[in-house]
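Coordinate analysis (summary)
Residue strings, one per chain:
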Amino acid sequence: MPPEHEEIRTVLTRLRKDYPHPGALHLGDPYRTIVAVSLSARVRDEQVLKLLPAFFEAYPTPAALARADVQAIQAKISTIGMFRQKARNLKRLAQDVVGRFGGEIPRTMEALTSLAGVGRKTASVLLVACFDTPAIAVDTHVFRVANRLGWVKEKTPEKTEAALLKIVPSKLQPLVNPVLMKFGRYVCLPGRPRCWMCPVRDFCRFKDKNLKTPPDADDVKQDIARREAALEAMRRAVAKQP
Ligand code: SF4
């Protein structure tokens, strides 16, 4: 049985208290956000945020990126995985935005996913972060947590997204990715989840809970707080840039 709306609301509200900041790549401006999310595949957000100030100094607009030489783009992002492919995709994306949308990042799922290299996950982040439109971006963390909680029982992120869109009220949908992603990164880990510090374990249907509090529990909590504060500081620094 899928959870009632009230259960989903309670879980998201509790987790929101622990993770009050926007998603790490929610940079306000649509161009900045779509570049950040496009670069983030299989790379830690910290690595993406670190290179973005110099990237946006070189390419402040989609038009500037569309004109850029692919090798020059590669040089700006060479610290992250798959940088050659990502540089090619970014240039094509920028050319699409300039050629078909007058240099403005489009605002609908259909138009966003028509851009070169943009899938539903990236489009969903944009809709929530920049256009105030309900959507649920399902990455590896959201996929794992939603299935462990028992909200859905699906084998792929794509099916999980479709199932979540049916059961999560539209008002709450914008919360799902930012909150579950951080929670999955810090607490509901891929290997052994830290159920001993989980604020929503009373709602969780995962059978193999790890409830034994380790001796270094305080250190773990402090480390999470430190990492999250550092990530938010990096996000703000990039989001603030002119
Ligand atoms: S109880 Fe454990 S498995 Fe369930 S959501 Fe919390 S951390 Fe994840």
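Refer to the structure above for everything that follows.
Residues numbered from 1 in each chain as written. Predicted model: local features only at pLDDT ≥ 70, side-chain atom pairs only at ≥ 80, totals over all residues. Heavy atoms only, no water.

Looking at the ligand, the residues that line it are Arg 148, Leu 149, Phe 183, Cys 188, Pro 193, Cys 195, Cys 198, Arg 201, Cys 204, Phe 206 and Lys 209. By residue class, the composition of the shell around the ligand is eight nonpolar, no polar and three charged. (Near = heavy atom within 4 Å. Nonpolar A, V, L, I, M, F, W, Y, C, P; charged D, E, K, R; others polar.)

Glancing now at the nonpolar core. Judged by nonpolar contacts, the single largest core of 79 residues is most densely connected at Val 35, Leu 52, Phe 55, Trp 151 and Leu 164. In terms of residue count, helix α8 (residues 120-131) provides more of this core than any other element does, seven residues in total. For this core, the two domains that each supply at least three residues are domain 1 (5-22 + 136-233) and domain 2 (30-131). (Core = buried A, V, L, I, M, F, W, Y, C linked by side-chain atoms within 4.5 Å. Buried < 20%, exposed > 50% of the residue type's maximum accessible area, 1.4 Å probe, protein only. Helix = DSSP H or I, 4+ residues; strand = E, 2+ residues; numbered from the N terminus. Domains from an automatic or database assignment.)

Now for the packing of helix α9 (residues 140-149) against helix α10 (residues 157-167). Look at α9 against α10: their axes get within 10 Å of each other, and the N-to-C directions meet at 60°. Overall, the two elements α9 and α10 adopt an arrangement that is oblique. Between α9 and α10 lies a crossing of left-handed hand. In this structure, α9 uses Val 142, Phe 143, Ala 146 and Asn 147 to contact α10, whose residues at the interface are Pro 157, Thr 160 and Leu 164. Here the residues of the contact of α9 with α10 sort into five nonpolar, two polar and no charged. (Axes fitted to C-alpha atoms, helices over the stretch in contact; angles between N-to-C directions. Parallel < 35°, antiparallel > 145°, perpendicular 65-115°, else oblique. Left-handed = near helix turned anticlockwise from the far one by under 90°. Contact = heavy atoms within 4.5 Å.)

In helix packing, the relevant descriptors are the interaxial angle and the interaxial distance, both defined with respect to the helix axes. One can describe the packing of α9 onto helix α11 (residues 173-186) by two numbers: an axis separation of 8 Å at closest approach and a directional angle of 85°. For the element pair α9 / α11, the angle class is roughly perpendicular. Seen from α9, the contacting residues are His 141, Val 142, Arg 144, Val 145 and Ala 146; seen from α11, they are Val 176, Asn 177, Leu 180, Met 181, Phe 183, Gly 184 and Arg 185.

The next point concerns helix α1 (residues 5-18). End to end, α1 covers 20 Å across 14 residues, agreeing with the expected 20 Å (1.5 Å per residue, within 8%). All buried positions along α1 are accounted for by Glu 7, Ile 8, Val 11, Leu 12 and Leu 15. The buried side chains of α1 occupy one side of the element, clustering within an arc of 125° when seen end-on. Pointing more than 90 degrees away from the buried face of α1 are the exposed residues Glu 6 and Lys 17. Turning to α1, the residues buried within the fold contact α9, α10 and α11. (Expected span 1.5 Å × (residues − 1). Arc of directions from axis to C-beta.)

The next point concerns α10. The complete set of buried residues in α10 reads Thr 160, Glu 161, Ala 163, Leu 164 and Ile 167. On the buried face of α10, the contacting elements are α1, α8 and α9.

If you walk through the whole model with that rule in mind, you get four aromatic pairs. With a centroid separation of 6.0 Å and 25° between ring planes, the pair formed by Tyr 19 and Tyr 186 is classed as stacked. On the criterion of sequence distance, the pair formed by Tyr 19 in the loop between α1 and α2 (30-39) and Tyr 186 in helix α11 is long-range, its members being 167 residues apart. Take Tyr 19 and Tyr 186: they sit in the same class, and that class is buried. With 5.2 Å between their ring centres and 65° between their planes, Phe 55 and Tyr 59 make a pair best called edge-to-face. (Phe/Tyr/Trp six-rings, centres within 6.5 Å; stacked < 30°, edge-to-face > 60°.)

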